[in-house]
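# Coordinates in review
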Amino acid sequence: MLKGKRINLRATERDDLPRYVKWFNDEEVNAHLTTFMPMNLDDETAWYENQRQDSSMLTLAIVITAEDKHIGSIGLMHIKPRIQSAELGISIGDKESWGQGYGQEAIELLVDFGFMHLNLHRLFLRVDANHPTAKRCYEKSGFVEEGRLRSAGFRHGQFFDQFIMSILRSEYKK
């Protein structure tokens with residue numbers, strides 16, 4: 001478990017899966033996620049079993065410590081030990097917890113873990129250009145924009161750009 005000031009990051013548990021199904025089927029929650037197709041508990045259970053066996057993936061539940069309330073998920077994907085790189089992804093599914101800084105705290109905990117415990121050199125992510133709140137959160141956490149992927153996303157009949165952002169261990173400030 002990774003402990004922060006207001007949140008903990010813990011292993012995802014089977015009991016979390018119904019919340020993920022609810023959140024990921026909510027169009028507001030999944031508006032900026034790669035997961036947007038309707039899903040059921042069987043789909044989420046299959047994902048859960050697969051990710052538990054995949055050493056290139058780390059998925060953690062975000063929990064508000066004081067309330068022991070599970071509010072979202074954060075993880076590293078495509079962990080590549082040889083080049084010491086991984087992609088970060090996050091979702092705060094509990095809409096009552098939006099805008100309260102929990103996402104930034106979770107990002108900072110996972111960045112620290114990635115650099116200090118997994119010996120990674122580079123963490124990167126993709127963020128939709130039409131999601132400035134998320135981009136600011138990543139910037140506050142030390143990520144810098146590397147480039148723009150033109151028309152890389154598609155929702156509601158429209159294409160939109162995405163930014164690639166990263167942070168290097170040498171830029172990381174604990």
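Small disclaimer: the values here were computed from a predicted structure and weren't measured. (Residues numbered from 1 in each chain as written. Predicted model: local features only at pLDDT ≥ 70, side-chain atom pairs only at ≥ 80, totals over all residues. Heavy atoms only, no water.)

Here Met37 lies in the loop between helix H1 (17-24) and helix H2 (41-53). On the accessibility criterion, Met37 (53% relative accessible area) is exposed. In sequence terms Met37 and Asp94 are 57 residues apart; their C-alpha atoms lie 19 Å from each other. (Helix = DSSP H or I, 4+ residues; strand = E, 2+ residues; numbered from the N terminus. Buried < 20%, exposed > 50% of the residue type's maximum accessible area, 1.4 Å probe, protein only.)

When two helices pack together, their arrangement is given by the angle between the helix axes and by the axis-to-axis distance. Closest axis-to-axis distance for the H1/H2 pair is 9 Å, and the angle between their directions is 120°. Handedness of the crossing formed by H1 with H2: right-handed. Each of Leu17, Pro18, Tyr20, Val21 and Phe24 in H1 lies in contact with H2, whose residues at this interface are Leu41, Glu44, Thr45 and Tyr48. (Axes fitted to C-alpha atoms, helices over the stretch in contact; angles between N-to-C directions. Left-handed = near helix turned anticlockwise from the far one by under 90°. Contact = heavy atoms within 4.5 Å.)

Taken as a whole, this structure holds 13 salt bridges when the rule is applied. Between Lys135 and Glu145 there is a salt bridge, and its shortest N-O distance comes to 3.0 Å. Taken together, the positions of Lys135 in helix H4 (residues 132-140) and Glu145 in strand S7 (residues 144-155) put the pair 10 residues apart, joining distant regions of the chain. Taking the relative accessible area as the measure of exposure, Lys135 reaches 15% and is therefore buried. (Salt bridge = Lys/Arg side-chain N within 4 Å of Asp/Glu carboxyl O.)

Next up on the list: the pairing of strand S2 (residues 7-11). Within S2, 4 of the 5 residues are buried, which leaves the element mostly enclosed by the surrounding structure. One ladder, built from 2 bridges, connects strand S1 (residues 2-3) with S2; its direction is antiparallel. By the bridge assignment for S2, Leu2 is matched with Leu9. In terms of strand pairing, S2 meets strand S3 (residues 58-64) through 5 bridges, oriented antiparallel. By the bridge assignment, Arg10 is partnered in S3 with Ala61. (Pairing = 2+ DSSP bridges.)

The analysis is restricted to geometry; functional conclusions fall outside its scope.
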